[in-house]
Each structure stands twice: as structure tokens, then as C-alpha cells.
Amino acid sequence: LIDAVSDFVAARKALPAKWTVADAARGFAAQMAREEKESAGPPPTKFRDAVAKFLDRNERRGLSAAYKSDCRKHLTLIGRTLNDAIIQTIRQPELTACLESSTKGGARRFNNLRSTLNALFGFCQKEGILPRDRTHEAALIEQKDMGSRASIEIYTPEEMRIILA
């Protein structure tokens, strides 16, 4: 009991004159709740819900029909694998594997899907769905090399005469 009384007296001396110990306890509890909420991060968001918000934002921004159509197609394809996943827990290896299985090895298609994922994850950072203070997982996916393309040759007039003869 003596310890309780001495703690009360010490707490009372530390407080401004108009405050009570109960006011201090309520203030402390409110501050702790705010800090806990801030450190918890955003609530878990399913991939499908993030995609819906992204596509809705694209509609409202008046982007080209072709871009909106590509985003919808790409994210529907990727969503076959990831729809129920929590976007905050999806990691780069999982995204890369999903792209590999969705593109069957085609480099151009892989890179196009990768680009759409980067746009989605960037949107999620801006919206606070993903942390803003670090690189998002889609940005860690390496772009596929398109390989060397054959050079374009032009026929000379003499070669065209032979071909057309």
C-alpha cells in the first residue's frame, strides 16, 4: 500500500496542475493505441480487391481504351493464380513464377505483364495499401531479354529485277 501511495504522489507531481492521474492514464492509453495502429500498417488487402481499385481508378482517369483493356486482360490472367492472395504478402519469386506460367516463356508477353504488375503495385503504394518506404515486389522482377532480332535487309534495284523477273 505504501508503494501504491508513493507511486500516486510521484505521478501527481509529474502532471500539470489541472490534470488528474486518470486523465494521464487515458491520454497514455490513447497515445499507445495510436502508435499501435500506425505500426500495424495497412489492413490486409486481397489481390483481387487491389486490382478492382486500380481498374476503377484507371476508368476515372480517362486513360486510353487500349491501355485499360490491356490492364484488365493482364490482371485477369494473373488473378487466376493470385486473386485470393493478400497483396502485402506476395513476394517477387511468386510473381515471377506466376508470370512464367501465364506466358509460357514468351519474353514480350512476360515483359508486358510485368509492366502491368508494376503499375498495379505502384498504385498500391500511392494508396497506402503497400508501404511507401521500400521498393515494391513487382519492381524486383527482372525484365526478360528479348534476344537479338534479325537485321532488316533492303533489296537493291538489281535484286528486285531478278526477283520480279
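Keep in mind that what you see is a predicted model, and the values were worked out from it rather than measured. (Residues numbered from 1 in each chain as written. Predicted model: local features only at pLDDT ≥ 70, side-chain atom pairs only at ≥ 80, totals over all residues. Heavy atoms only, no water.)

Asker: Describe the packing of helix α4 (residues 65-82) against helix α6 (residues 107-126), listing the residues and the values that go with them.
Answerer: The interhelical angle for the contact between α4 and α6, taken along N-to-C directions, is 95°, at an axis separation of 10 Å. Considering the angle they form, α4 stands roughly perpendicular to α6. Contacts between α4 and α6 involve Y67, C71, H74, L75, L77 and I78 from the first element and R109, N112, L113, T116, L117, A119 and L120 from the second. Taken together, the residues that form the contact of α4 with α6 break down as 9 nonpolar, 3 polar and 1 charged. (Axes fitted to C-alpha atoms, helices over the stretch in contact; angles between N-to-C directions. Helix = DSSP H or I, 4+ residues; strand = E, 2+ residues; numbered from the N terminus. Parallel < 35°, antiparallel > 145°, perpendicular 65-115°, else oblique. Contact = heavy atoms within 4.5 Å. Nonpolar A, V, L, I, M, F, W, Y, C, P; charged D, E, K, R; others polar.)

Asker: Could you give me a rundown of the nonpolar core, with the residues and numbers involved?
Answerer: With 27 residues, the main nonpolar core has F47, L75, I78, I87, L117, L120 and F121 as its most contacted residues. Elements represented by at least two residues in this core include exactly α3 (47-61), α4, α5 (92-103) and α6. For this core, the element with the highest residue contribution is α6, accounting for 7 residues. When neighbours within four sequence positions are excluded, I78 is seen to be in contact with F47, C98, L99, L113 and L117. (Core = buried A, V, L, I, M, F, W, Y, C linked by side-chain atoms within 4.5 Å. Buried < 20%, exposed > 50% of the residue type's maximum accessible area, 1.4 Å probe, protein only.)

Asker: Go over the environment of T116 with me, naming the residues and quoting the values.
Answerer: Mapped onto the elements, T116 comes out in helix α6. Between the C-alpha atoms of T116 and C71, which are 45 residues apart in sequence, the distance is 6.1 Å. Ignoring any residue separated from it by four or fewer positions in sequence, one finds T116 in contact with C71, H74 and L75.

Asker: Break down the environment of E94 for me, with residues and values.
Answerer: With respect to the helices and strands, the residue E94 is situated in helix α5. What makes E94 partly exposed here is its relative accessible area of 38%. Distance from E94 to R60, taken between C-alpha atoms, is 30 Å for residues 34 residues apart in sequence. E94 has contacts with L82 and T89, leaving out every residue within four places of it along the chain.

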